[in-house]
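Observations on the three-dimensional arrangement
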Amino acid sequence: MRAPLSWIKEFVEIPESITADQISDALIRVGFEVEEIIYQGADLTGPLVFAKVLSIEEITEFKKPIRYVGLDCGEKETRYVICGATNFVVGDLIVAALPGAVLPGDFAIGSRETYGKVSNGMICSARELGLGDDHSGIMTFAQDTVTIGADAIEGLMINDVIFDIAVNPDRGYALSIRGVAREVAGALGLAFTDPVDSLRNISFADTGTGVKAKIEDYATASVFYLRTLSNFDPTATTPIWMRRRIEKMGMRSISLVVDVTNYVMLELGQPLHAFDAAKVKGGLTIKRAGKAQPFTTLDGQVRQLDPDDLMVCDETQPLALAGTMGGASSEISETTTEIALEAVRFDPTCVAKNSRRHKLSSEASRRLERSVDPSLAQYASARFVQLLTENSSATHVATVIDGEPRFSPSLKVDPSYISRIIGIEIAPAEIVGILKTIGCVVNEKTFEVQPPSWRADLLTQADFTEEVARMIGYDKIPSILPPRPKHASLTPAQKRRRAISTMLASRGLAEVQTFPFTNQQTIDSLGFLGERASTYRIANPMSEEFPLMRVHLVPGLLEVAQRNISRGAKDFAIFEMGSIFRSSQKLVPMISPELGKKPNAEVIQSIYASLPPQAFHVAGLLVGRVEDEDWQGKSRSYTWQDAIAYAQDILQLCNLSWTVKRSDLAPWHPGRCAELIIDGKPVAHAGELHPRIVEMYGLPERSSAFAVALNALPDSPLVRPSTVGTMPAALQDVALIVDSSVTAAEVEAALREGAGELLESLSLFDRYDKLGDGKISLAFSLVFRAADRTLTGAEVSELRDAAVKSAAKATGAILRTA
């Protein structure tokens, strides 16, 4: 939204001491973003004059059109210039830059010889003068609208400051000079004159019968003003002052009638549309299109109407896409003498649907879909009649009205509530003053507040609080941190997930995100059975290729690996955190709770019962080599031990204790898969993938994977503190011979039980499986330490023997002596 300072000053008494930057800062302070301040004319110096075209000599020996033009610049002699534009004829009035002038871009004008002629100046287009982007031709003016030889800089009101303002969707009233001027006055504490005040008592005598107006459904429009005018001279031209104001706002001048509708819209904020009354059959009715049919809009596009489109129709056909764009069949033309002027307060939603459905955003729709002051239909249409009758021969015939404006209800406001929410003490008198500044009517005794008609967004106490806050300045509100108990923080589960993902990423694994969808073929091919294969079908899948919710994270990682290998990747490790979905319970139908109040416990339970169970897992896939061959040694590929180590590291990070058991669970290789168990429940699986899976996805041999059910892990502290021993440690190594069917974990557990409380750590450091007779040797390192003394040799030997004895009893272990 562009707003010229010269136009703003018409409604706000701005002292000369206030600069454009101060006005910009004031607008920003009250919530409007000023994207640019344009100093129009700052880079333009004269002489720049109005001139009349006296003669045109066509120079034809060049590829492009060249004209040698004689001009009357109000001087004694004719001035000749070279010009390439062809949109003017003899007798037209134009703008000429004389030698010595400097145009925008530091383009100096001088007398020079070109095309075999002496060009003593330049005929200017709007873009060359910095007045707009239109470079289609030379600026021309109607007879008697400008004075030959007069200063064009002053005549065109070029020297001006223009603010380019970004207007938020909830502040549609600011898409007008009236709205911007009110905000400038309020922000700077200046006097504001509402342009509507001069229109409140204006009336026009009826001189005949006007076009009838009707609203079929008052839900689509609340009030409809239709003013009919006749005796209009279609040759009437737009006055320079009006044309220039429209151009400064970023629009172009078209014709007097259209320009007046645009001028009133820019001034007051109410879009208007003028019909050629001679082309209207019967009256005008606002109603739905009713059926699909072609409709040609003013831009020449043929659009297919939807039956739900809101239209302005006569008795035979639609004439305008309501609030969006008029139709070509009833547009104002060069022969129009009778005019029907429509001013309607349309329902914002209806206009927004029209605009979105036809991908047609116009100046009118942008205002109407943001809500327009309901009272403006009356005053804006009156302003149109006033301006058109003053600048042409048009006369008012009749005004027909249907409906009535509907305004927001009044609301009782508590001043203490406003102070409490903002966080500073604001006197009730100051609150009253601010609310009156924005246009509210306030009963100072009861604090009953009537919102202004142009602020349909002021409906609750919170809305008025926001207005008070922005008008006093957000910089006046102290920055105070909220009390810590109200401070949002991560839940223990979220902290655990973040710690795990950070750990895996720091180990070199890349995190990926895959879609949580799969298909039955993938479930079957990976060997999932029973509950692990049971899932939910999506009612509206993104693709029929993946209509099911995933039951595991590993399939998604396999597909990512397959895709990356096909693109040249060889060695990598990836992981993913996310939910899996298994159909372990029957879902109840989904319900939509009442939105006006908090649902009760039963409704909340029903909502959760309609959602599928979502277990949260982390899974990783290890592909190719973990170390490359170099001068330090040979390369090493990922193995099942790496996958198990990652799963154990995750449990260790969560400060949990677990046991390990061999597993044949798909999709891992039987015998090369470990199951990690906590409190008797399996919580993780890790190991080498089944060769069939590896071959199916084209992965390197021995590719491994791990998966941990994070939601199955018991709660535990993120940090488990330990003490640093100050007494010497005693190290003892024992080698035990056991059956090959006995696991190292079983032996370790027995040793721990027998070693007692003085055992600080226990670790397996060797395994020897060449003893024969189904026997193996497991070597453990035991570290003993007392907190208050140095252990004697006898004490250490006794503790070691107790540990060996416990292992012998539990697993049949025999102490190896050689």
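Above: the structure in question.
In short, a report on the structure.

A full pass over the atoms with the stated rule returns 42 salt bridges. Here E247 ties to R243 by a salt bridge, and the two come within 3.2 Å at their closest N and O atoms. One end of the pair is E247 and the other is R243, both in helix α5 (residues 240-248) and four residues apart, which spans about a single turn. With a relative accessible area of 17%, E247 lands in the buried category. A relative accessible area of 16% means that R243 is categorised as buried. Note that R244 is salt-bridged to E247, the shortest N-O span being 2.9 Å. With R244 and E247 both in helix α5 and three residues apart, this pair spans about one turn of that helix. The class for R244 is buried, based on a relative accessible area of 2%. Where salt bridges share partners, they join R171, E183, R455, D457, E466, E467 and R470 into one cluster.

This paragraph deals with the packing of helix α6 (residues 256-268) against helix α9 (residues 376-391). At a minimum axis distance of 10 Å, the contact between α6 and α9 shows a crossing angle of 140 degrees. Comparing their axes, α9 and α6 come out oblique. As for the relative orientation of α6 and α9, their crossing is right-handed in sense. The residues of α9 that touch α6, namely those facing L256, V257, V260, T261, Y263, V264, E267 and L268, are L376, Y379, A380, R383, F384, L387, L388 and N391.

Turning our eyes to something else, we now look at the nonpolar core. Within the largest apolar cluster, 107 residues are counted, with the highest numbers of intra-cluster contacts made by F346, F384 and L388. Other than its neighbours up to four places away in sequence, F384 contacts L229, V257, V260, T261, V264, L272, I339 and L341. If you look at the next biggest cluster of nonpolar residues, it comprises 29 residues, including M503, Y646, A647 and L713.

Okay, the packing of aromatic side chains next. A full pass over the atoms with the stated rule returns seven aromatic pairs. With a centroid separation of 6.1 Å and an interplanar angle of 10 degrees, the aromatic rings of F515 and F517 are classed as stacked. Given the relative accessible area of 59%, F515 is considered exposed. A ring pair is formed by Y646 and F706, whose centres lie 5.7 Å apart and whose planes are at 25 degrees; its orientation type is stacked. Placement of Y646 in helix α17 (residues 640-653) and of F706 in strand β37 (residues 704-709) is noted, with a sequence separation of 60 residues between them. Across the pair, F706 and Y646 agree in class, each one buried. Through successive ring pairs, a cluster of aromatic residues spans W7, W241 and Y263. Lying over the aromatic face of Y68, K117 brings its terminal NZ or CZ to 5.2 Å of the ring centre. Lying over the aromatic face of F616, R497 brings its terminal NZ or CZ to 3.7 Å of the ring centre.

Strand order in the open sheet formed by three strands is β24-β26-β25, with antiparallel pairing between adjacent strands. Looking along the sheet, the strands with just one partner apiece sit at the ends: β24 (411-412) and β25 (441-443).

A separate point is the environment of S176. By the secondary structure assignment, S176 is in the loop between β12 (160-166) and α4 (177-188). Since its relative accessible area comes to 1%, S176 is described here as buried. For S176 and I165, which are eleven residues apart along the polypeptide, the C-alpha to C-alpha distance reads 11 Å. Once residues within four sequence positions are removed from consideration, S176 is found in contact with M1, M265, L266, E267, L268 and G269. A polar contact is formed between the side chain of S176 and the backbone oxygen of Y173, at a distance of 2.9 Å.

Conventions adopted
- Residues numbered from 1 in each chain as written.
- Predicted model: local features only at pLDDT ≥ 70, side-chain atom pairs only at ≥ 80, totals over all residues.
- Heavy atoms only, no water.
- Salt bridge = Lys/Arg side-chain N within 4 Å of Asp/Glu carboxyl O.
- Helix = DSSP H or I, 4+ residues; strand = E, 2+ residues; numbered from the N terminus.
- Buried < 20%, exposed > 50% of the residue type's maximum accessible area, 1.4 Å probe, protein only.
- Axes fitted to C-alpha atoms, helices over the stretch in contact; angles between N-to-C directions.
- Parallel < 35°, antiparallel > 145°, perpendicular 65-115°, else oblique.
- Left-handed = near helix turned anticlockwise from the far one by under 90°.
- Contact = heavy atoms within 4.5 Å.
- Core = buried A, V, L, I, M, F, W, Y, C linked by side-chain atoms within 4.5 Å.
- Phe/Tyr/Trp six-rings, centres within 6.5 Å; stacked < 30°, edge-to-face > 60°.
- Lys NZ or Arg CZ within 6 Å of the ring centre and 35° of its normal.
- Pairing = 2+ DSSP bridges.
- Polar contact = N/O pair within 3.5 Å; in protein donor to acceptor, adjacent residues only side chain to side chain.

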